[in-house]
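# Chains, contacts and geometry: an overview
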Amino acid sequence: MIGLISATSAGQRGCEHLAAAWPDEVRVYDGPVREAVGRAFAECEQLVCFLATGAVVRMIAPLLRGKDTDPGVVTVDETHQHAIALLGGHGGGANELAQRVADVLGCRPVISTATDAAGVPGLDMLGWPVEGAVAAVSRAILDGDPVRLDTPHGVHPLPALPPNVTAATDSDVSLIVTDRVTDADAAAGTVLLRPPSLVVGVGGSRGVPADEVLTLIGSALADAGLSPRSVAALATVDAKADEAGIVEAAERLGVPLLTYTADRLAGIDVPNPSDAPLAAVGTPSVAEAAALAAAPGGELLVPKRKSAPQEGPAMATAAVARRRPRGRLSVVGLGPGARDLLTPRAREELRRASVIVGLDQYVDQIRDLLRPGTRILESGLGAEEERARTAVEQARAGHAVALIGSGDAGVYAMASPALAEAADDIDVVGVPGVTAALAAAAILGAPLGHDHVSISLSDLHTPWDVIERRVRAAAESDLIVTFYNPRSRGRDWQLPKALSLLAEHREPGTPVGVVHAASRPDERSEVTTIAALDVTTVDMVTVVTVGNTATRNVAGRMVTPRGYRWQA
Ligand code: SAH
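Residues numbered from 1 in each chain as written. Predicted model: local features only at pLDDT ≥ 70, side-chain atom pairs only at ≥ 80, totals over all residues. Heavy atoms only, no water.

### Remarks on the sheet that holds strand β25 (residues 511-516)
If you walk across this open sheet you meet the five strands as β23-β24-β27-β25-β26, and the pairing is mixed. What marks the edges here is a single partner per strand, and that holds for β23 (452-456) and β26 (524-529). Across this sheet, the average inter-strand angle for adjacent strands is 15°, counted without regard to direction. The strands touched by helix α16 (residues 464-476) are β23 and β24 (480-484); relative to β23, the strand with the most contacts, the crossing angle is about 160°. Here helix α17 (residues 494-503) sits on the sheet in contact with β24 and β27 (542-546), set at roughly 175° to β24. (Pairing = 2+ DSSP bridges. Helix = DSSP H or I, 4+ residues; strand = E, 2+ residues; numbered from the N terminus. Axes fitted to C-alpha atoms, helices over the stretch in contact; angles between N-to-C directions. Contact = heavy atoms within 4.5 Å.)

Structure below.
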């Protein structure tokens, strides 16, 4: 139960707000405040007090028993700007409660405990198993003490780690990224991070029991000193995709079962081919070949071995390969400028990366969000292809790279040159962003209520006759048009020309929206008409949206009806 206490009418509104949001979880304590706090403190697991922090400190001070029994206490200030985790941040759940209160009331959570020692800062987001002295190593990382980073299998796509975590120190406190079961496992100051690096190739006769497969996998890994927690997948031949014992083994390990055609496996060089599988499924190797197929560019760590059941013939084979770590390229749209139009996912990806590649002005937009230790490769305007190549090269080297762009990174931006360079040896993640046309439309009203196109008027990347053909097509088909890159110092005739093409099919009074610097401090916008537009107000930080024949100016807003049966 969460006890709610307030003294003022603003506080009471806050209580009501929370009570409406969490009807089954809260109890409102009325009456004299000191008494209400006392009762709630005794009866509830958590308290939210709409009271001054100092007042609450004085009231609860005599009631404090200990970390294990005291409730978590959150205070909220009179203007509902801050939800302060005052007592029991971890044990009492006050940190989490402050965040929940903040979500409901739209205020800021204030949390003053050090990062929960249950996780290694930044590495939790990988979702990779972590073993060892997590609390001690987390503390050392936070405190800035030297921590040795050991990555024996190459570069992994880890998030940026602070500068005190490096390969170049010989501290006793260490962070090891490995699939090996090492002597260091037991060492006091070591954390082991288990990358998803191992693939187990398996073969089995019809009816092989799952237990036999799992026992074989377990002993193959143990004898080679490999951690089962690094197993990323099982792999086999297509013909065994439905073999119940193999399917169940994958399920029980919690990993996918990858399957390959016999032809594909037959084409892979293996140390121990044999005739039996060739006769049965058409490839001289299942376990070794499947393991290697699932680990391109990797190495075979455990050659084929057979199961050793207590009775009867061996029915399973297994082999283990290690994958090369795959780098990660995320292509992240930052939105039009305002911080609150940057999506939470984009923010997460920026903190997931160890390398940021982008235009310097975009890096400036998000520099404060980056983890300390993030490598920034920024460049000036132009150099687009070089930027794309750099991002892909860094990912190919194994790093976690975020390639950033304003708006949506795929709209007249970096995603296409980057992905044109990238092969299938890296993972690619796209994070959509609010593109300028949408940011502008929201300012103008509802101009994009019907079919619309974006056309860039930059003839740097596209010959003008192609642009002109598209503008004509848009004009003829009565599409709403948003012009990107509309006008710069050296390119001043394109916009008037494009407008005149549209005017061949639209009235001079057709609404036109001009939005400069959408969502930025110098935002400026205007709803005008084709005839009245002053093109000198348009620059390279502007988009121009021209309505279709049904678009109207309604109360100063640009509105395109959803259908063509417009009722004025
Ligand atoms: N990837 C970007 C577009 C890059 S092309 C996006 O999705 O928004 C650059 C053009 O986008 C500029 O010339 C301008 O026309 C437009 N633009 C970008 N940000 C803008 C903003 N905040 N306000 C108005 N126009 C913008």
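### Some points on the packing of α16 against α17
Interaxial distance between α16 and α17 falls to 8 Å at its minimum, and their mutual angle equals 35°. Crossing of α16 over α17 shows right-handed handedness. Every residue of α17 that contacts α16 at W464, E468, V471, R472 and A475 is listed here: Q494, K497, A498, L501 and L502. When grouped by side-chain class, the residues that make up the contact of α16 with α17 number six nonpolar, one polar and three charged. (Left-handed = near helix turned anticlockwise from the far one by under 90°. Nonpolar A, V, L, I, M, F, W, Y, C, P; charged D, E, K, R; others polar.)

### Looking at the domain arrangement of the chain
In many reports, interface size means the accessible area that the parts give up when they come together. Domains assigned within the chain are domain 1 (2-112), domain 2 (123-193), domain 3 (198-322), domain 4 (328-434) and domain 5 (437-559). Here the C-alpha centroids of domain 3 and domain 5 sit 60 Å apart. (Domains from an automatic or database assignment.)

### Quick notes on the layout of surface pockets
Estimates place the volume of the largest pocket at around 1,400 Å³. In terms of lining, the largest pocket is formed by 43 residues, of which the most central are Y362, V411, Y412, N485 and M540. Among the secondary structure elements, those contributing two or more residues to the lining of the largest pocket are β18 (355-359), α12 (360-366), α13 (384-396), β20 (400-405), α14 (415-421), β23, α16 and β27. In terms of residue class, the lining of the largest pocket is built from 21 nonpolar, 15 polar and seven charged. In this structure, the lining of the largest pocket is formed jointly by two domains, domain 4 (328-434) and domain 5 (437-559), each of which donates at least three residues. There is about 420 Å³ of room inside the second largest pocket. G203, G204, A276, P277 and T317 are the residues nearest the centre of the second largest pocket, which is lined by 23 residues in total. (1 Å grid on protein atoms, 1.4 Å probe; cavity = no way out; pocket = protein on both sides within 12 Å on 5 of 7 lines; lining within 4 Å. Points joined across faces, edges and corners; volume = space filled by probe spheres on them.)

### As for the environment of R328
Tracing the chain through its elements places R328 in strand β17 (residues 328-333). R328 gets classed as buried once you look at its relative accessible area, which sits at 19%. Residues R328 and Q365 lie 37 residues apart in sequence; the distance between their C-alpha atoms is 22 Å. Apart from the residues lying within four places of it in its own chain, the contact partners of R328 are P157, E349, R352, A395, H399, A400, V401, D427 and V429. (Buried < 20%, exposed > 50% of the residue type's maximum accessible area, 1.4 Å probe, protein only.)

### Concerning the UniProt feature "domain: Tetrapyrrole methylase" (unreviewed entry) in the chain
Taking the numbering used here, the UniProt-annotated feature "domain: Tetrapyrrole methylase" (unreviewed entry) corresponds to residues 329-533. Counted over residues 329-533, helix gives 33% and strand 24%. Its end C-alpha atoms are 42 Å apart. (UniProt positions renumbered as here; feature names shortened; annotations may be inferred.)

### Let's talk about the pattern of salt bridges
Under the definition given, this model contains 19 salt bridges. Between R389 and E421 there is a salt bridge whose closest N-O contact spans 4.0 Å. Here the residue R389 occupies a position in helix α13, and E421 occupies one in helix α14, the gap between them amounting to 32 residues. The class for R389 is partly exposed, based on a relative accessible area of 36%. Classification of E421 by relative accessible area gives partly exposed; the value is 35%. The salt bridge involving R506 is made with D478; its shortest N-O contact spans 3.9 Å. Here R506 is found in the loop between α17 and β25, whereas its partner D478 is found in the loop between α16 and β24, with 28 residues between them in sequence. Each member of the pair, R506 as well as D478, carries the same accessibility label: buried. (Salt bridge = Lys/Arg side-chain N within 4 Å of Asp/Glu carboxyl O.)

### Describing the nonpolar core
Counting residues in hydrophobic clusters, the biggest one holds 22 residues, and the most contacted among them are I455, L457, V471, F483 and V546. When residues of this core are traced back to their parent elements, those giving at least two are α16, β24, α17, β25 and β27. What I455 contacts, discounting residues up to four positions off in sequence, is Y412, I467, R470, V471, A474, V481, T482, F483 and Y484. Core analysis: the next-biggest nonpolar cluster, separate from the first, contains 21 residues, V213, A250, A318 and V320 among them. (Core = buried A, V, L, I, M, F, W, Y, C linked by side-chain atoms within 4.5 Å.)

### What to know about the environment of W464
Note on placement: W464 falls in helix α16. Along the backbone, W464 and E378 are 86 residues apart, and their C-alpha atoms lie at a distance of 31 Å. Not counting chain neighbours up to four residues away, the residues in contact with W464 comprise L457, D459, W493, Q494 and K497. Within the local environment of W464, its side chain forms a polar contact with the side chain of E468, the two groups lying 2.8 Å apart. (Polar contact = N/O pair within 3.5 Å; in protein donor to acceptor, adjacent residues only side chain to side chain.)

### Details of the sheet that holds strand β19 (residues 375-379)
If you trace the five strands from one edge of the open sheet to the other, you get β19-β18-β20-β17-β21, paired in parallel fashion. A strand with exactly one partner marks an edge of an open sheet, and here the two such strands are β19 and β21 (427-431). Looking at each pair of strands side by side, their axes are set apart by 15° on average, direction ignored. Bridge count between β18 and β19: five bridges; the pairing is parallel. The residue of β19 that forms the bridge with V357 is L377. Each of β17, β18, β20 and β21 is contacted by helix α11 (residues 344-352), which is oriented at about 140° to β17, the strand it contacts most.

### Considerations on the environment of Q310
Locating Q310 in the fold gives a position in the loop between β15 (299-306) and β16 (316-322). Overall, Q310 belongs to the exposed group, its relative accessible area being 87%. Residues Q310 and R323, 13 residues apart in the sequence, show an inter-C-alpha distance of 33 Å.

### Remarks on the pairing of strand β4 (residues 72-76)
The buried fraction of β4 is high, at five of five residues. By the alternation rule, side chains of β4 split into G72, V74 and V76 and V73 and T75, which are all buried. Bridge count for strand β3 (residues 46-50) against β4 is four bridges, and the pairing is parallel. Its bridge partner being in β4, V48 is matched across the sheet by V74. Between β3 and its parallel partner β4, the chain crosses via helix α3 (residues 53-60), and the hand of that crossover is right-handed. The pairing of β4 with strand β5 (residues 82-87) spans four bridges and is classified as antiparallel. Across the sheet, the residue bridging to V73 is L87, located in β5. Between the end of β4 and the start of β5, which pair antiparallel, lie five residues, with H80 showing a positive phi angle near 55°. (Right-handed = clockwise from strand over helix to strand, strands pointing away.)

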